[in-house]
Amino acid sequence: MRLLIVEDEPTLGEQLKETLEANGYAVDLATDGEDGHFMGAEESYDAAILDLGLPEMDGLTILDKWRKAGVTMPVLVLTARDSWSDKVAGLDSGADDYLGKPFKMEELIARLRALIRRSAGLASSELTAGDVRLDTRSGRVTRGGQPVRLTAQEYKLLSYLMHHKGKVVSRTELIEHIYDQDFDRDSNTIEVFITRIRKKLGAELIETIRGLGYTLDDPENRPA
């Protein structure tokens, strides 16, 4: 999953980026409102963390512009403002959740997981496909109840496909959502990761749809 952070406080921004990357996310950081607005409008993200008090363009303006432009990614608003009217303004502008500063990183990560699940139409933090289970809280993957060790990129790719179970996902979409902006994006590595995941979790788990991409689904939903 790929996240955008728009935060002008250098220390907090870097702490958020490092913590979220350590939790398996690809993360881009914008340090002012104009850059944040542009990145959110032009790049593909699974969620955004948006501070309200930003230089160049404030968070509420960014949020309003994103929504009017049809940007639908879930947005978690961060602010040091305590006023209930600011919270209402943020939610009315299209925010999906609200977290006041200071906050605990554990709570922010839990709220992000919930936002991403809800945007994919999922209720549980445990994602399943046949006998494969992925726990988004712990990052643990099992097959038939037995733990399976995945690399960070394998986990990101599997997580994205399981969040979009039953849908065809193109290579381009996978590249946009599992790598951050600065990563050397080579589409051939996607096939390498798919091959590794199949070896670890079963060749039938991920199906290649020629010319379109990949799909992951429960065995009973796959065509005979």
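Residues numbered from 1 in each chain as written. Predicted model: local features only at pLDDT ≥ 70, side-chain atom pairs only at ≥ 80, totals over all residues. Heavy atoms only, no water.

- By the naming in an unreviewed UniProt entry, the chain is DNA-binding response regulator, taken from Pacificimonas flava.

## Some thoughts on the overall build of the chain
Now for step 1: A count of helical and extended segments in the chain gives eight helices and 11 strands.
Now for step 2: Seen along its three principal axes, the alpha-carbon backbone of the chain occupies a region of about 55 × 35 × 30 Å.
Now for step 3: The buried share of the chain, reckoned over its 224 residues, is 49%.
Now for step 4: Expressed as a percentage of contacts within the chain between residues at least 6 apart in sequence, the contacts between residues at least 24 apart total 58%.
Now for step 5: Carbon and sulfur atoms form 47% of the exposed surface of the chain, whose accessible area is close to 11,000 Å².
Now for step 6: Looking at charge distribution, the chain has the averaged site of its 29 positive side-chain charges lying 8 Å from that of its 40 negative ones. (Helix = DSSP H or I, 4+ residues; strand = E, 2+ residues; numbered from the N terminus. Buried < 20%, exposed > 50% of the residue type's maximum accessible area, 1.4 Å probe, protein only. Contact = heavy atoms within 4.5 Å. Areas by Shrake-Rupley, 256 points an atom, 1.4 Å probe, with all protein chains shown as cover. Lys, Arg positive; Asp, Glu negative; His and termini not counted. Charge placed at Lys NZ, Arg CZ, Asp CG, Glu CD.)

## Considerations on the domain arrangement of the chain
Now for step 1: Looking at the assigned domains, one finds that the chain contains domain 1 (2–120) and domain 2 (126–216).
Now for step 2: Taking only C-alpha atoms into account, the centre of domain 1 sits 25 Å from that of domain 2.
Now for step 3: The interface is formed by 16 residues belonging to domain 1 together with 12 residues belonging to domain 2.
Now for step 4: Across the interface of domain 1 and domain 2, roughly 1,200 Å² is buried in total on both sides, 47% from carbon and sulfur atoms.
Now for step 5: Taken together, the connections running from domain 1 to domain 2 amount to zero salt bridges. (Domains from an automatic or database assignment. Buried area = accessible area lost by both parts, 1.4 Å probe. Salt bridge = Lys/Arg side-chain N within 4 Å of Asp/Glu carboxyl O.)

## Structural notes on the nonpolar core
Now for step 1: Counting residues in hydrophobic clusters, the biggest one holds 46 residues, and the most contacted among them are L20, L108, V141, L157, L158, I190 and L205.
Now for step 2: It is helix α6 (residues 152–163) that contributes the most residues to this core, six residues altogether.
Now for step 3: Each of domain 1 (2–120) and domain 2 (126–216) accounts for three or more of the residues forming this core.
Now for step 4: With near-sequence residues (within four places) excluded, V141 lies in contact with V132, R133, L134, Q146, P147, V148, L150, Y155, L158 and L201. (Core = buried A, V, L, I, M, F, W, Y, C linked by side-chain atoms within 4.5 Å.)

## Quick notes on the sheet that holds strand β8 (residues 140–143)
Now for step 1: If you walk across this open sheet you meet the four strands as β6-β7-β8-β9, and the pairing is antiparallel. With one partner strand each, in any of the chains shown, β6 (126–129) and β9 (146–147) form the two edges of the open sheet.
Now for step 2: Taken together, the two bridges between β8 and β9 define a ladder with antiparallel strand orientation. In the strand pairing of β9, T142 is matched with P147.
Now for step 3: Those strands touched by α6 are β6, β7 (132–135) and β8, and its axis lies near 105 degrees from that of β7. (Pairing = 2+ DSSP bridges. Axes fitted to C-alpha atoms, helices over the stretch in contact; angles between N-to-C directions.)

## A few points about the packing of helix α1 (residues 10–22) against helix α5 (residues 105–119)
Now for step 1: At a minimum axis separation of 11 Å, α1 and α5 run at an interaxial angle of 60 degrees. Considering the angle they form, α1 stands oblique to α5. The crossing of α1 and α5 is right-handed. The residues of α5 that touch α1, namely those facing Q15, L16, T19 and L20, are M105, L108, I109 and L112.
Now for step 2: Considered class by class, the residues forming the contact of α1 with α5 number six nonpolar, two polar and no charged. (Parallel < 35°, antiparallel > 145°, perpendicular 65-115°, else oblique. Left-handed = near helix turned anticlockwise from the far one by under 90°. Nonpolar A, V, L, I, M, F, W, Y, C, P; charged D, E, K, R; others polar.)

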